[in-house]
Amino acid sequence: MSTTSAVSAPLVKDGAPSSAAATAKRAARRRTALVWAGRIGLAAFIIGGWQAFTTWGIVDPFFFGQPSGIAKRLVDLFQHGTEFGSFYSNIWTTIQEALAGFALGAVAGVIFGVALGQSRFLADVLGPYIKVVNAIPRIVLGSIFIVAFGIGVLPKILLAAVLVFFIVFFNAFQGVREVDRNILANAKVLGASQAQIIRHVTVPSALTWIIASLHSAFGFAIVGALVGEVLGAQSGLGLVIKTAQNQFDPNGVFATMLVISVIVLGAEWLISKLEHRLLSWRPPAPTEANSL
């Protein structure tokens, strides 16, 4: 037994599978390092060029701001706040509106997408109305919501929910339509009820489409909240941007946009984690397999 272990151990350690795995890991680490180097280099190039052009007078900082001015304005916002309260409270207001609108729009989009994707009758009846509502400019809907519900948080939540709904709905609808009909037929033959088919076949099969829509949906939820705040609000990042614009303060506009970008990137990271958890059963794509 000891001889066999002694012989097989080097094979496992020095064999082709172990060597290939080590090579793949090194290649993945090298590619990750190159990607981050490229990202940092591109950011340094853009920010450095922006700072240089405004310093040399090629670009007027009065209209386009300046990276150093944006940094100072950002520090000032966090330290001294705004005329509508602390900067933290304005950030939290926008996050609350976006999260509520994102949740409402995503749930409604999944429900309607799955329902209409399974029922051709419902799709034919409701399809034209959904297309009509989708064709209405969002800023018009925002104005209608503010007139109807005032300048509180509700109009922003509704506007964010509308933007999210159509993204998730069309992806869920298409995902249900793409479910393999043979799998559905087999499930029916095995005696699965309609509810069981939806839970165990239809929704898991369409989950890839639904999760893919969530990546862009949260960004649209933020946009909906910001547009609503620009149209009329008592607090929020949209109001901060509008005030900075009225005061000809491009540094304030860009500083607030930077905070918004960080929020969206953080949400994107969380959605990616959710995607990996919910779709852990899915075989990795070729690009994903190469990075393992």
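Above this text you will find the structure in question.
Just so it is clear, the structure is predicted and the values come from calculations on it, not from any experiment.

What counts, and where the lines are drawn
Residues numbered from 1 in each chain as written. Predicted model: local features only at pLDDT ≥ 70, side-chain atom pairs only at ≥ 80, totals over all residues. Heavy atoms only, no water. Helix = DSSP H or I, 4+ residues; strand = E, 2+ residues; numbered from the N terminus. Buried < 20%, exposed > 50% of the residue type's maximum accessible area, 1.4 Å probe, protein only. Contact = heavy atoms within 4.5 Å. Areas by Shrake-Rupley, 256 points an atom, 1.4 Å probe, with all protein chains shown as cover. Core = buried A, V, L, I, M, F, W, Y, C linked by side-chain atoms within 4.5 Å. Axes fitted to C-alpha atoms, helices over the stretch in contact; angles between N-to-C directions. Parallel < 35°, antiparallel > 145°, perpendicular 65-115°, else oblique. Left-handed = near helix turned anticlockwise from the far one by under 90°. Nonpolar A, V, L, I, M, F, W, Y, C, P; charged D, E, K, R; others polar. Salt bridge = Lys/Arg side-chain N within 4 Å of Asp/Glu carboxyl O. Patch = residues over 30% accessible without salt bridge, like charges linked within 9 Å, V, L, I, M, F, W, Y side chains within 5 Å.

(A) Fine view of the overall build of the chain. Helices and strands together make up the secondary structure of the chain, namely 13 helices and zero strands. When the helices and strands of the chain are listed from N to C terminus, the series reads α-α-α-α-α-α-α-α-α-α-α-α-α. In the chain, which comprises 292 residues, the share counted as buried stands at 34%. Long-range pairs, those at least 24 residues apart, make up 73% of the contacts in the chain with a sequence separation of at least 6. Per element, the accessible surface of the chain, about 17,500 Å² overall, is 69% carbon and sulfur.

(B) Geometry of the nonpolar core. Within the largest apolar cluster, 32 residues are counted, with the highest numbers of intra-cluster contacts made by Phe87, Phe102, Phe218, Leu237 and Ile263. Every element with two or more residues in this core is listed here: helix H4 (67-80), helix H5 (87-118), helix H8 (153-177), helix H10 (194-231), helix H11 (237-246) and helix H12 (250-278). In terms of residue count, H10 provides more of this core than any other element does, eight residues in total. For phenylalanine 102, the contacting residues outside a window of four places in its chain are Val164, Leu214, Ala217, Phe218, Ala221 and Ile271.

(C) The packing of helix H6 (residues 120-135) against H8, seen in detail. The geometry of H6 relative to H8 is characterised by a closest axis approach of 13 Å and an angle of 155 degrees between their N-to-C directions. Accordingly, the angle class assigned to the pair H6 and H8 is roughly antiparallel. Crossing angle aside, the handedness with which H6 passes H8 is left-handed. For the pair H6 and H8, the contacting residues are Arg120, Ala123, Ile130, Val133 and Asn134 in the first and Phe166, Phe169, Phe170, Phe173 and Arg177 in the second. Looking at the contact of H6 with H8 residue by residue, the classes come out as seven nonpolar, one polar and two charged.

(D) Geometry of unusual backbone geometry. The backbone phi angle of phenylalanine 248 is positive, close to 55 degrees, even though this residue is not glycine. Along the chain, the position of phenylalanine 248 falls in the loop between H11 and H12. Assessed through its relative accessible area of 61%, phenylalanine 248 is described here as exposed.

(E) Just the pattern of salt bridges, in detail. All chains considered together, the criterion is met by two salt bridges. The partner of arginine 73 in a salt bridge is aspartate 76, and the shortest N-O contact between them spans 3.0 Å. Here the residue arginine 73 and the residue aspartate 76 both occupy positions in helix H4, the gap between them amounting to three residues, near one helical turn. Relative accessible area serves as the criterion here: at 24%, arginine 73 is assigned to the partly exposed category. Close ionic contact of arginine 73 with aspartate 249 constitutes a salt bridge, the shortest N to O distance being 2.8 Å. Of this pair, arginine 73 sits in helix H4 while aspartate 249 sits in the loop between H11 and H12, placing them 176 residues apart in sequence. Several salt bridges converge on common partners, so that one network encompasses Arg73, Asp76 and Asp249.

(F) Structural view of a nonpolar patch on the surface. Nonpolar side chains collect at one region of the surface, where Leu42, Phe45, Ile46 and Ile47 lie side by side and expose about 440 Å² of accessible area between them. By the element assignment, isoleucine 47 lies in helix H2 (residues 16-56). Overall, isoleucine 47 belongs to the partly exposed group, its relative accessible area being 46%.

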